[in-house]
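Structural description and commentary
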Number of protein chains: 2
Amino acid sequence: MIDWIAFDADDTLWRNEEYYLEGRAQFFKILSKYDLDHEEIRQFDRFEVDNIQYFGYGAMSFILSMIELAIRITEERIHPGDIQQIIQLGKKMLTHEVVLFQGVGELLEALSPVYPLMLITKGDLFHQQRKFKASGLSGYFKALEVVSEKDPEVYTEILQRYGIRPDRFLMIGNSLRSDILPVLELGGWALHLANHPTWSHEDDPLAESTPDRYLKVESIPGIYGRLLGAGLLQG
Amino acid sequence: MIDWIAFDADDTLWRNEEYYLEGRAQFFKILSKYDLDHEEIRQFDRFEVDNIQYFGYGAMSFILSMIELAIRITEERIHPGDIQQIIQLGKKMLTHEVVLFQGVGELLEALSPVYPLMLITKGDLFHQQRKFKASGLSGYFKALEVVSEKDPEVYTEILQRYGIRPDRFLMIGNSLRSDILPVLELGGWALHLANHPTWSHEDDPLAESTPDRYLKVESIPGIYGRLLGAGLLQG
């Protein structure tokens, strides 16, 4: 019933968000000596969003946003040595080891002989390629696509390029907005990994009117059985 | 004799290096008030090279390298307002208008009905995609590939993905190292655009023992005729 399976990477196959949370915590620690208004520090999210138009999504955009915010909210009082510390923080984020979620290796080992697998991930090209190599998983994948956005247009472009029919395509990922909804919109299959620390069960727009092509599991080890149950694998 | 034509983008289809030179000139102007040793400022190239391992090639790496160098060589005396100026400089570089070289539109207009065209460009994913869209040329291309390196391995991966035989592939670009030599090494065709301001005629390792698959022109308007002459286009 399907010809290809694609996976999201960050927070689907390996840990990611916690490095951003840790980076942000370290950043706030650097700023703590400047006796700032707590509300001002909260501007960080706005800064990050504003900077997407210049830098896109990814760790380098995050680093540059931290530097800009630090300069702005300290009213240019921040010590340049602290800015260098922010850059070091960023370099650490860009080179951290890749920690796979439990069961990832076994799942890809089982699926890769059955379907060609593709990784579709959003962010800095160089950083995502580095993580792909460092993950030790690249041998399981037939293709890696690093994209700057995950919307129906981008998925359509990838599917056309590989000659994949949308209704023969399954996307597996943790983000409803990036991995699930656009693929369902195109008529594809989507398996939602609803195990992410930030995931809330109330936040599920598909719970009521679930199309047949929408699958859901709580964690990586549940995926194989769910695919079997949906008739997408031979028993 | 060929099935696909691929083009490099920066300094082949549109102006690029001059924005880096201008950005660097502006950067040195910002630093000029700090009464620095000229030799120290020259460390910039080393900084950029060191940072490729973290940030890859591209404008964001350039911005972060400028910030790091400014902090280092001023011995942390640089004013944070000047660091913000460097970031603004970077944002300007990331959003400048795309200026095509003379004859690019006509060439692509002539070639795109004959061969599928691909753009293969190195740098920040988001930045390169933005330039591709802003160029007004995207309609001529069947594919865009943003890569973090241009070596035989990367070209091989692209060729395999599109099912292109190396000896049926022509790459057109201004850089011997990135666009020409790796493609010739794989057995492909390469057309060298030797019109770049930094190009020196003595610096041509292929001048002596030129394989048949190596073509050379001085400027974009010469390309069509050169392809005709090589038998790659119907007269």
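Owing to the predicted nature of the structure, the values given are computational and were not obtained by experimental measurement. (Residues numbered from 1 in each chain as written. Chains lettered and ligands numbered in written order. Predicted model: local features only at pLDDT ≥ 70, side-chain atom pairs only at ≥ 80, totals over all residues. Heavy atoms only, no water.)

1. A short note on unusual backbone geometry
The backbone of E76(A) sits at a positive phi, close to 65 degrees, despite the residue not being glycine. For E76(A), the location among the structural elements is in the loop between helix 4 (59-73) and helix 5 (80-95). Positive phi outside glycine occurs at D35(B), with the angle close to 55 degrees. (Helix = DSSP H or I, 4+ residues; strand = E, 2+ residues; numbered from the N terminus.)

2. Regarding the domain arrangement of chain A
Residues and elements named next belong to chain A. According to the domain assignment, chain A consists of domain 1 (4-14 + 98-229) and domain 2 (17-95). Using only C-alpha atoms to locate each centre, domain 1 and domain 2 end up separated by 29 Å. Between domain 1 and domain 2, the residue contacts involve twelve residues of the former and nine residues of the latter. Approximately 850 Å² of surface area, both sides summed, lies buried where domain 1 meets domain 2, with 46% of it carried by carbon and sulfur atoms. Viewed at the interface, domain 2 and domain 1 are joined by zero salt bridges. Taken together, the links from domain 1 to domain 2 amount to five residue pairs in polar contact (both at pLDDT 80 or more). (Domains from an automatic or database assignment. Contact = heavy atoms within 4.5 Å. Buried area = accessible area lost by both parts, 1.4 Å probe. Salt bridge = Lys/Arg side-chain N within 4 Å of Asp/Glu carboxyl O. Polar contact = N/O pair within 3.5 Å; in protein donor to acceptor, adjacent residues only side chain to side chain.)

3. Quick word on the environment of E149(A)
All names here are of chain A. Considering the arrangement of structural elements, one finds E149 in the loop between strand 3 (143-147) and helix 8 (152-162). For the pair formed by E149 and S178, sequence separation is 29 residues and the distance between their alpha carbons is 8.2 Å. Not counting residues up to four positions away in its chain, the partners in contact with E149 are Y57, K122 and V154. Among the polar contacts made by the side chain of E149, one reaches the side chain of Y57 at a distance of 3.4 Å.

4. Digging into the pairing of strand 4 (residues 169-173) of chain B
Residue and element names in this part refer to chain B. Where burial is concerned, most of strand 4 is hidden: five out of the five residues are buried. The alternating pattern of strand 4 places F169, M171 and G173 on one face and L170 and I172 on the opposite face, and all of these are buried. As paired strands, strand 1 (residues 4-7) and strand 4 are joined by four bridges and run parallel to one another. Along strand 4, the bridge assignment pairs F7 with I172. Pairing between strand 4 and strand 5 (residues 189-193): four bridges, direction parallel. Bridge pairing links I172 to L191 in strand 5. For the crossover from strand 4 across helix 9 (residues 176-185) to strand 5, the handedness is right-handed. (Buried < 20%, exposed > 50% of the residue type's maximum accessible area, 1.4 Å probe, protein only. Pairing = 2+ DSSP bridges. Right-handed = clockwise from strand over helix to strand, strands pointing away.)

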